[in-house]
Amino acid sequence: MSESLSYPDHILHLKPYVPGLPIEDLARRLGVEPSSIVKLASNENPQGASPRALAALAAARIDLSRYPDNDCTNLVGAISRRHDVPCDWVVCGAGSEAVIGNAVSTMLTTGRKTLYSQYSFQAYVGACQRVGATPIVVPSPAFAVDLGAMRAQLSNGVSLIYIANPGNPTGTAVDPDDLAAFVASVPQSVVVILDEAYFEYMPEAIRGDSIALVRKHPNLLVSRTFSKAYGLAGLRVGYGIAQAPLAEMLRRARAPFSVSESAQIAAEAALDDGEFIARTVQLNRECQKMLHAALDRLRINYLPSTTNFVLAEVGDGAALARRLERHSLIVRPVNSYGLPNWVRFSLGTVADTERLIHALTLTE
Ligand SMILES: Cc1ncc(COP(=O)(O)O)c(C=O)c1O
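The protein has the name Histidinol-phosphate aminotransferase in an unreviewed UniProt entry, where Variovorax paradoxus B4 is given as its organism. What the UniProt record of the protein gives under Sequence similarities (unreviewed entry) is the line "Belongs to the class-II pyridoxal-phosphate-dependent aminotransferase family. Histidinol-phosphate aminotransferase subfamily." Taken directly from UniProt, the Subunit (unreviewed entry) text for the protein runs: "Homodimer."

Now the structure itself:
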C-alpha cells in the first residue's frame with residue numbers, strides 16, 4: 001500500500017527561487033568558453049572580489065576539519081567598530097538573505113502577517129511563504145515603495161515589515177526623511193527590516209543614516225551584505241544591526257555555524273577595503289550613465305537606477321533575454337516579479353556595458 005507524503009499547504013504552494021542563468025549553462029549551450037560569457041543577471045561586482053579579502057584568504061591557515069567560530073567574533077568586532085555600535089547589536093549570516101530569513105523565522109509563523117511592497121525581493125517573499133505567514137502586499141504603481149500606503153496598513157495587526165532600499169528589481173529608493181518618519185510611526189511591537197544590500201551604490205544625498213535610526217528604534221533591523229559592492233557573493237556573508245534585545249532573539253533563532261571561516265576572514269578584510277569600494281562605485285556610476293544614455297537613445301523606458309542594476313521595459317522580457325543569450329549575454333527576466341515586459345540589467349565593466357548596448361542595438 002502506498003501512502004503519499006503529506007506536506008503543509010504553505011509548503012505545497014511554494015515556488016522555487018529563480019536565480020540568474022549560470023554562466024556554465026549558457027557556455028555549454030552555445031559551445032563557447034565560459035570566459036566569453038558576460039553575466040549581467042545577479043547584481044554581482046564586475047571587478048571581482050575585494051583584493052584585501054583575497055589577500056587575507058591567501059594568508060589564512062584555515063583548518064577545514066574544524067567548525068567555524070559560531071559567534072563570528074572577529075567579524076562582529078570589525079562591524080561594530082565600523083558602525084560604532086556594541087558587538088551585541090551585530091548578527092551575521094550566510095548572506096544578508098540568511099539574516100533576513102532569520103528575522104522572518106523569529107517574527108513570523110502561520111497566521112502572523114507581514115507587510116511589504118509589490119515587487120519586493122523574491123527571497124523575502126519566499127522566506128515568508130516558507131513559514132506560512134500571511135502577506136499584505138502594498139501596490140507600487142510608481143515602482144517605488146509607497147510608505148503612505150504602508151502606513152495605512154499598520155492597524156492591520158502585522159508583525160514584520162520589509163523595505164528594501166533601494167529595492168530589487170526596481171532599483172528605486174525612498175526619501176530618507178520619509179523613511180525615518182515611517183519607521184517612527186511603526187508600533188514598537190512590529191519589527192521593520194530595512195534591507196540595504198545595495199547601500200554602497202546609493203548616491204550620498206539619498207542615503208540617510210539607517211544606523212542612527214537603529215539607535216532610536218528598538219524594532220528596526222538594518223541588513224547589509226558583502227555580496228555586492230565587496231564582491232564576495234560566492235562566500236555567502238552578510239549582517240544585520242539591531243539593538244541588543246532584538247539582535248539576541250535573532251541569534252537564538254539562527255542556524256548554527258552558518259558563516260564559514262573563509263567568509264568571516266574575507267569579510268573582515270573587505271570591510272577595510274575602502275579603495276576597492278570607491279573604485280567599484282565609480283565604475284558603477286560610469287556604466288549607469290552609459291546604459292541610461294543608451295536606453296534613452298534606443299527609446300527604451302527604464303527606471304533611473306540608484307544602484308548597480310537597471311530595470312528596463314523592453315516588451316517581452318524573456319524573449320529579449322533569449323535573444324541576448326545568442327550574443328553571449330545573460331540578463332535577468334523578471335516575470336517572477338509580475339513584470340513580464342521588463343528585464344533587469346546588472347551593471348558590469350565598461351566593456352560589458354558596451355557589449356550590452358551593442359547587442360541591444362542589434363536586437364532592436
Ligand atoms: C534586495 C536584496 N536584498 C538582499 C539580497 C541578498 O544578498 P545576499 O544574501 O547575497 O547577501 C539581495 C541579493 O540579490 C537583494 O537584491
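Chemist: Explain the sheet that holds strand β10 (residues 309-313) to me, using residue names and the numbers behind them.
Modeler: Taking strand neighbours across the sheet as the criterion, the 5 strands line up as β1-β11-β12-β10-β9 in an open arrangement whose pairing is mixed. Here the strands that pair on one side only, and so sit at the sheet edges, are β1 (38-40) and β9 (301-303). Taken over all neighbouring pairs, the strand axes of this sheet differ in orientation by 30° on average, direction set aside. Where strand β11 (residues 329-334) and strand β12 (residues 339-346) come together, 3 bridges link them in antiparallel fashion. Across the sheet, the residue bridging to Val334 is Leu339, located in β12.

Chemist: Give a detailed account of the domain arrangement of the protein, specifying residues and quantitative values.
Modeler: Looking at the assigned domains, one finds that the protein contains domain 1 (9-48 + 274-362) and domain 2 (51-270). On a C-alpha basis, the centroid separation for the pair domain 1 and domain 2 is 24 Å. Taken together, the contact between domain 1 and domain 2 spans 32 residues of the former and 32 residues of the latter. When residues of domain 1 are sorted by the area they lose upon contact with domain 2, Ile277, Thr306 and Tyr337 head the list and together hold 24% of the total. Remark: the boundary between domain 1 and domain 2 carries 0 salt bridges. Counting the contacts that link domain 1 with domain 2 gives 10 residue pairs in polar contact (both at pLDDT 80 or more). Counting only elements with at least two residues in the side of domain 1 that touches domain 2, the list comes to α1 (9-12), α12 (274-297), β10 and β12. The biggest single contributor to the side of domain 1 that touches domain 2 is α12, with 7 residues. Looking at the side of domain 1 that touches domain 2, its residues break down into 15 nonpolar, 13 polar and 4 charged.

How each quantity is defined
- Residues numbered from 1 in each chain as written.
- Predicted model: local features only at pLDDT ≥ 70, side-chain atom pairs only at ≥ 80, totals over all residues.
- Heavy atoms only, no water.
- UniProt positions renumbered as here; feature names shortened; annotations may be inferred.
- Pairing = 2+ DSSP bridges.
- Helix = DSSP H or I, 4+ residues; strand = E, 2+ residues; numbered from the N terminus.
- Axes fitted to C-alpha atoms, helices over the stretch in contact; angles between N-to-C directions.
- Domains from an automatic or database assignment.
- Contact = heavy atoms within 4.5 Å.
- Buried area = accessible area lost by both parts, 1.4 Å probe.
- Salt bridge = Lys/Arg side-chain N within 4 Å of Asp/Glu carboxyl O.
- Polar contact = N/O pair within 3.5 Å; in protein donor to acceptor, adjacent residues only side chain to side chain.
- Nonpolar A, V, L, I, M, F, W, Y, C, P; charged D, E, K, R; others polar.

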